[in-house]
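Residues per chain are reported as follows:
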Amino acid sequence: MDAAGAEEPLPESRVGMTPRQARRIRMVLASVLMAAMAVVLVVRLASRTSVLVVGVYGAALVLCGVVIELSRNGRTRLGTWLLGIGLAAALAADWLLP
């Protein structure tokens, strides 16, 4: 059995994104969401001044910064999960907590 003969050649055209493109997309997404959280924080503070609002949206802003750094260091999947779960938790906490 020839091991080299049994392998199929790799296709020339690559499907999907390169790791660099994935990192850049997640960094841009986290930056856009960070700006959106800042706007929501300002709007929520205008309607209801509360330490809870500042805490929840402040934590969301910090989370976006952490995701940007994770993406810069190549941890894009972990960053994506943290961004999705963290922002959902922040919005749920703002909605559910008095």
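Sequence order sets the numbering: in each chain, residues are counted from 1 along the sequence as written. Per-residue local features are limited, in this predicted model, to residues with pLDDT of at least 70; the limit for side-chain atom pairs, both in listing and counting, is 80 or more; totals at the level of whole chains, interfaces and linings are taken over all residues. Based on all heavy atoms of the structure, the side-chain values leave hydrogens and waters out of the count.

Before going further, it helps to spend a moment on the overall build of the chain. When helices and strands are tallied, the chain shows 4 helices and 0 strands. Secondary structure is summarised from DSSP: a helix means a run of H or I of at least four residues, a strand means a run of E of at least two, and numbering begins at the N terminus for each. Secondary structure elements in the chain, listed N-terminal to C-terminal, are α-α-α-α. With residues, only the protein chains shown are counted as cover, and all accessible areas are computed by Shrake-Rupley using a 1.4 Å probe. When the accessible surface of the chain is summed, it comes to about 7,200 Å², and 68% of that surface belongs to carbon and sulfur atoms.

Grouped together as the largest cluster of nonpolar side chains are 14 residues, with contacts concentrated most on Ala 30, Met 37, Tyr 57, Ala 60, Leu 83 and Leu 87. It is helix α3 (residues 51–72) that provides the largest number of residues to this core, a total of 8 residues. In what follows, residue pairs with any heavy atoms lying within 4.5 Å of each other are defined as contacts. Sequence-distant contacts of Ala 30, defined by excluding residues within four places in its chain, comprise Cys 64, Val 67, Ile 68 and Leu 83. What makes a nonpolar core is a set of buried Ala, Val, Leu, Ile, Met, Phe, Trp, Tyr and Cys residues whose side-chain atoms join them at distances within 4.5 Å. Burial classes follow relative accessibility: with a 1.4 Å probe on protein chains only, a residue under 20% of its type's maximum area counts as buried, one over 50% as exposed, and anything between as partly exposed.

So, about the packing of helix α2 (residues 19–47) against helix α4 (residues 76–96). Axis definition: a line fit to C-alpha positions, over the contact stretch in the case of helices; interaxial angles, taken between N-to-C directions, run 0 to 180 degrees. In the contact formed by α2 and α4, the axes pass within 11 Å of each other and the chain directions differ by 15 degrees. Regarding the angle of α2 to α4, the classification is roughly parallel. The two elements α2 and α4 meet at a crossing, and its hand is left-handed. Every residue of α4 that contacts α2 at Ala 22, Arg 23, Arg 26, Leu 29, Ala 30, Leu 33, Met 37 and Arg 44 is listed here: Thr 76, Thr 80, Leu 83, Leu 87, Leu 91 and Asp 94. Each residue belonging to the contact of α2 with α4 can be placed in one class, and the counts come to 8 nonpolar, 2 polar and 4 charged. For classification purposes, an angle smaller than 35 degrees is called roughly parallel, one larger than 145 roughly antiparallel, one from 65 to 115 roughly perpendicular, and anything else oblique. Helix crossings are classified by the rotation of the near helix relative to the far one: an anticlockwise turn of less than a right angle makes the crossing left-handed, while a clockwise turn makes it right-handed. Charged means Asp, Glu, Lys or Arg here, nonpolar means Ala, Val, Leu, Ile, Met, Phe, Trp, Tyr, Cys or Pro, and polar covers whatever is left, Gly included.

Considering the arrangement of structural elements, one finds Ala 59 in helix α3. In this structure Ala 59 comes out as partly exposed when scored by relative accessible area, which is 46%. Note: C-alpha distance between Ala 59 and Leu 87 (28 residues apart in sequence) is 9.1 Å.

Let us look at the pattern of salt bridges. Here, a salt bridge means any side-chain nitrogen of Lys or Arg that lies within 4 Å of a carboxyl oxygen of Asp or Glu. For the structure on display, the rule yields 2 salt bridges. Close ionic contact of Arg 72 with Glu 69 constitutes a salt bridge, the shortest N to O distance being 2.9 Å. You can see Arg 72 and its partner Glu 69 sitting in helix α3, 3 residues apart, about one turn around the helix.

This part takes up α3. Expected span of a helix, by definition, is 1.5 Å for each gap between consecutive residues, and there is one gap fewer than residues. For α3, built from 22 residues, the straight-helix expectation of 32 Å at 1.5 Å per residue is met to within 8% by its first-to-last C-alpha distance of 31 Å. Buried positions along α3 lie against α2 and α4. Two or three places before Leu 52, at the opening of α3, Ser 50 has a side-chain oxygen 3.1 Å from that residue's backbone nitrogen. At the C-terminal side of α3, Gly 74 shows a positive phi close to 90 degrees. Whenever a nitrogen or oxygen atom comes within 3.5 Å of another N or O atom, the pair is scored as a polar contact, on the condition that within protein one atom can donate a hydrogen and the other can accept it, and that pairs from neighbouring residues in sequence are kept only if both atoms are in side chains.

Following the sequence through the fold, Asp 94 ends up in helix α4. Given the relative accessible area of 10%, Asp 94 is considered buried. Residue contacts for Asp 94: discarding those within four places in its chain leaves Arg 44, Arg 48, Val 53, Val 56 and Tyr 57.

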